[in-house]
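Here is what each chain is made of, one letter per residue.
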Amino acid sequence: MNTLNNLLDHRGSIEKRLMKLTGRVIWVVQLNLSSFSCGCTGITIFFAGLEKEDVEVFASRIVEILNEVTASVRLDPDIIYASLVPGSSEVGSISLKRLCDECRKDYGGDVRPWSNISILYKKAC
Amino acid sequence: MKLCAPLPGHLDATKKILKEEASNLHEVFMAGSSDYIPTGRQALGESFSETIEETTRLVHEDNLRMDVVMNASCMGGRHLTDEGLHRYMSYLEILARAGVDAVTLADPYLIEVASRNFSFDVIVSCISFVDSPEKAIFYEELGADGITVDTSINRDFHVLEAIRDAVSCDIRVLVNEGCLYKCPFRYFDFNVVSHTSGPPPVPKISFNYYQRKCRSLRVKKPWLLMKANWVRPEDLKAYEEIGIDTFKISGRNQPVNWVIETIKTYKSRDFSGNLIDLLDYSRSMKHLFYIPNKKLDGAIDRWKSCDRNCHRCGFCKDLTAQIMKVYLERGTDREMLVSLTELNEGVPDEYPE
Ligand code: SF4
């Protein structure tokens, strides 16, 4: 219950800190606690106004912000990555995930599994 | 003033809207069945023939007009096949039997077919992009009884007056759609929605580029919201002064209570809240931006005479900087509103970056 109560704070806090970081308006449209049928769990944050360049330039700060803000969820993500709207520079979402075995194989290699994702953080295996 | 308002489609909603707002309305509209003809908005439910018949009966009990909207911009050529035309004609016959007073269409061929073969009024959709007297004359000659003008000319009084002068049919202004001025995505998005809201085959799109891009453009350039095609309730009289008094409220996918409140607001011609709350498309942005409607008093005088050369003007951008605010930590104990100027100077908070 505590976690659910904190979700609004997390959403607002991430939005505000990214505005401060980038110096412009960024909209966190939605922040979801997610579970997937493959076995992954995590947090998915949907954005408007965030660009590929932002996540590349500020990758380490964004990871710090996301980890700090979501610490109460005790997720300890294996991976944090941004998903781009395919073929564009638009960041659709950032996912913090604890990976299932199958996805661990996909994300674990040297090559990004899909061309429209930008990996901000990967836990050393 | 003749107000036209949306019905979300289910009978409970129709009854509630009619009970509370019938006396404020001239006409209501709802989507037709997507089994036959797609529409320009994603259909949320099924408008079965029986629902339209029952809705029309209820609407007529309150002495209002009933309009069914089937304004797809693309039908994949189906309407130009023998089988497709037969299907569309049989649906128009169902609507005629249900007693609807008007059908709103976007495709010129269907407009001609409907006006030649049926006695209900045929209204040209804003998706036909009537933005000049010539186009208005074309549609009137095709048989149109009413034209909802392209929303991109909503503030172009010179063109609006010329259209009013050129035709004698009803001219309608869609007041709160909220789409971008001269939206570059408009044709493409309507084409996509025409297919995703219509009969099979329905493409399973994985993302809507146009709507996402539109949203992020507004976040990055908030002044685009100021230049969008909305009309304030207080400014309706400017349209009446040039002979346009039919105003259509957009929002058939919005919740019932919002529809009722928006009818009341336009009827009262007075609104003290966040202008974004009146807009159909992009209403969710009211959780990010705040545009105090009352601070827009008088802006229409500038818009009425501007030449749309925004790159040389800057009025809307300056106005945005002066009055628009951004929510920080919305929905929490720490929620606050800061101006765009304050934001540009640095987010005021306790977080060191
Ligand atoms: S020309 Fe000026 S007043 Fe007119 S829409 Fe552009 S910025 Fe606004």
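Just so we're clear, the structure is a prediction, and the values are computed from it rather than from any experiment.

Would you mind going over the pairing of strand E7 (residues 170-174) of chain B with me for this structure?
Each regular strand displays side chains that alternate between the two surfaces of the sheet. Residue and element names in this part refer to chain B. Across the 5 residues that make up E7, a large majority, 5, are buried. Burial along E7 is two-sided: the residues Asp 170, Arg 172 and Leu 174 and Ile 171 and Val 173 are all buried. Across 3 bridges, the pairing between strand E6 (residues 146-148) and E7 is parallel. Bridge pairing in E7 links Ile 147 to Ile 171. For the segment spanning E6, helix H6 (residues 157-166) and E7, crossover handedness is right-handed. Note: E7 against strand E8 (residues 246-248), 3 bridges, orientation parallel. Counted as the bridge partner of Arg 172 is Thr 246 from E8.

Mind showing me how you'd approach the interface of chain B and chain A here?
How big an interface is tends to be stated in terms of the accessible area lost upon association of its parts. Listed per partner, the contact involves 31 residues of chain B and 28 residues of chain A. Between chain B and chain A lies a buried interface of about 2,500 Å² when both sides are counted; carbon and sulfur atoms form 62% of it. Our count for the chain B to chain A interface comes out at 5 salt bridges. One salt bridge connects Glu90(A) with Lys220(B), and the closest N-O pair in it is separated by 3.9 Å.

It is not clear to me how the site of the ligand should be interpreted in this structure. Could you clarify?
If you check the shell around the ligand, you find Lys227(B), Arg302(B), Trp303(B), Cys306(B), Arg308(B), Asn309(B), Cys310(B), Cys313(B), Gly314(B), Phe315(B) and Cys316(B) and nothing else. Taken together, the residues of the shell around the ligand break down into 6 nonpolar, 2 polar and 3 charged.

Looking at this structure, I do not really get empty space enclosed by the protein. What am I missing?
Which parts of space are left empty comes out when a probe the size of a water molecule is rolled across the atoms. Residue and element names in this part refer to chain B. Under the defined criterion, the tally for this structure stands at 2 cavities of 30 Å³ or more. By volume, the second largest cavity is sized at about 30 Å³. In this structure, the second largest cavity is lined by Arg 155, Trp 230, Val 231, Arg 232, Asp 235, Tyr 239, Ile 300 and Trp 303. Of the residues in the lining of the second largest cavity, the class split is 5 nonpolar, no polar and 3 charged.

I'm lost on the pattern of salt bridges in this one. Help?
If charged atoms from side chains of opposite charge come close, those side chains can pair. The full count for this structure, using the stated rule, is 36 salt bridges over all chains. By sharing partners, the salt bridges in this structure join Lys2(B), Glu27(B), Arg65(B), Asp121(B), Asp170(B), Arg172(B) and Asp245(B) into a single network.

How should the packing of aromatic side chains be read in this particular structure?
Two aromatic rings are characterised by how far apart their centres lie and by the angle between their planes. All names here are of chain B. All told, the structure shown has 12 aromatic pairs over all chains when counted by the stated rule. Between Tyr 209 and Tyr 210, the ring centres sit 5.7 Å apart and the planes meet at 85°, which makes this aromatic pair edge-to-face. Looking at Tyr 210, the relative accessible area reads 24%, which means it is partly exposed. Each ring, one from Trp 230 and one from Trp 303, has its centre 5.4 Å from the other, and the planes form 85°; the classification is edge-to-face. Of the two residues, Trp 230 sits in the loop between helix H9 (223-227) and helix H10 (236-240) while Trp 303 sits in helix H12 (residues 299-305), which places them 73 residues apart along the sequence. Across this residue pair, the class does not change: Trp 230 and Trp 303 are buried. Each member of the aromatic cluster is reached from another via a ring pair, and the members are Phe 185, Phe 188, Tyr 209 and Tyr 210. Its guanidinium or amino end placed over the ring of Phe 29, Lys 248 lies 4.4 Å from that ring's centre, counting from NZ or CZ. Lying over the aromatic face of Phe 157, Lys 304 brings its terminal NZ or CZ to 5.5 Å of the ring centre.

So what exactly am I meant to see when it comes to the side chain of Asp67(B) here?
All names here are of chain B. Mapping Asp 67 onto the fold places it in strand E3 (residues 65-70). Arg 172 provides the closest opposite charge to the buried, unpaired Asp 67, separated from it by 4.4 Å. Looking at Asp 67, its side chain comes within polar contact range of the side chain of Thr 104, at 2.8 Å. In this structure Asp 67 touches Glu 27, Val 28, Phe 29, Met 30, Ala 102, Val 103, Thr 104 and Arg 172, once residues within four positions along its chain are discounted.

For this particular structure, what's the right way to read the nonpolar core?
One broad rule of soluble globular proteins: the nonpolar side chains tend to lie buried together. If you look at the biggest cluster of nonpolar residues, it comprises 72 residues, and the most contacted ones within it are Met70(B), Leu95(B), Val100(B), Phe120(B), Ile147(B), Ile163(B) and Tyr239(B). Those residues in contact with Val100(B) that lie beyond four places of it in its chain are Ile52(B), Thr56(B), Met66(B), Val68(B), Leu95(B) and Phe120(B). Judged by nonpolar contacts, the second largest core, of 54 residues, contains Ile45(A), Leu225(B), Leu275(B) and Ile276(B).

What's the story with the sheet that holds strand E1 (residues 2-6) of chain B in this structure? I'm lost.
Note: strands within a sheet are paired through backbone hydrogen bonds, in either parallel or antiparallel orientation. Residues and elements named next belong to chain B. Overall, parallel pairing links the 8 strands, which are arranged E1-E2-E3-E4-E5-E6-E7-E8 in a closed barrel. Here the strands of the sheet are splayed against their neighbours by 25° on average, with no regard to which way each runs. The pairing of strand E5 (residues 121-124) with E6 spans 2 bridges and is classified as parallel. Residue pairing in the sheet places Ile 123 in a bridge with Gly 146 of E6. Contacting E3 and strand E4 (102-105), helix H3 (residues 82-98) runs over the sheet at an angle of about 165° to E3.

Explain the sheet that holds strand E3 (residues 79-84) of chain A here, please?
All names here are of chain A. Sheet architecture is open: 5 strands sit in the order E1-E2-E4-E3-E5, paired in antiparallel fashion. For this open sheet the edge positions go to strand E1 (27-35) and strand E5 (117-122), each flanked by a neighbour on one side alone. Across the sheet, the axes of successive neighbouring strands diverge by a mean angle of 15°, strand direction being ignored. As judged from the 6 bridges shared by strand E2 (residues 41-48) and strand E4 (residues 91-98), these two strands associate in the antiparallel manner. Within the sheet, the bridge partner assigned to Gly 42 lies in E4 and is Lys 97.

Sorry, what's going on with the pairing of strand E2 (residues 27-31) of chain B here?
Residues and elements named next belong to chain B. Burial runs high along E2: 5 of the 5 residues are buried. What you see with E2 is no split at all: Glu 27, Phe 29 and Ala 31 on one side and Val 28 and Met 30 on the other are buried throughout. Pairing analysis gives 3 bridges linking E1 to E2, with the strands arranged parallel. Counted as the bridge partner of Ala 5 is Val 28 from E2. Read as a crossover between parallel neighbours, the route from E1 over helix H1 (residues 11-21) to E2 is right-handed.

Cut-offs applied
- Residues numbered from 1 in each chain as written.
- Chains lettered and ligands numbered in written order.
- Predicted model: local features only at pLDDT ≥ 70, side-chain atom pairs only at ≥ 80, totals over all residues.
- Heavy atoms only, no water.
- Buried < 20%, exposed > 50% of the residue type's maximum accessible area, 1.4 Å probe, protein only.
- Helix = DSSP H or I, 4+ residues; strand = E, 2+ residues; numbered from the N terminus.
- Pairing = 2+ DSSP bridges.
- Right-handed = clockwise from strand over helix to strand, strands pointing away.
- Contact = heavy atoms within 4.5 Å.
- Buried area = accessible area lost by both parts, 1.4 Å probe.
- Salt bridge = Lys/Arg side-chain N within 4 Å of Asp/Glu carboxyl O.
- Near = heavy atom within 4 Å.
- Nonpolar A, V, L, I, M, F, W, Y, C, P; charged D, E, K, R; others polar.
- 1 Å grid on protein atoms, 1.4 Å probe; cavity = no way out; pocket = protein on both sides within 12 Å on 5 of 7 lines; lining within 4 Å.
- Points joined across faces, edges and corners; volume = space filled by probe spheres on them.
- Phe/Tyr/Trp six-rings, centres within 6.5 Å; stacked < 30°, edge-to-face > 60°.
- Lys NZ or Arg CZ within 6 Å of the ring centre and 35° of its normal.
- Lys, Arg positive; Asp, Glu negative; His and termini not counted.
- Polar contact = N/O pair within 3.5 Å; in protein donor to acceptor, adjacent residues only side chain to side chain.
- Core = buried A, V, L, I, M, F, W, Y, C linked by side-chain atoms within 4.5 Å.
- Axes fitted to C-alpha atoms, helices over the stretch in contact; angles between N-to-C directions.

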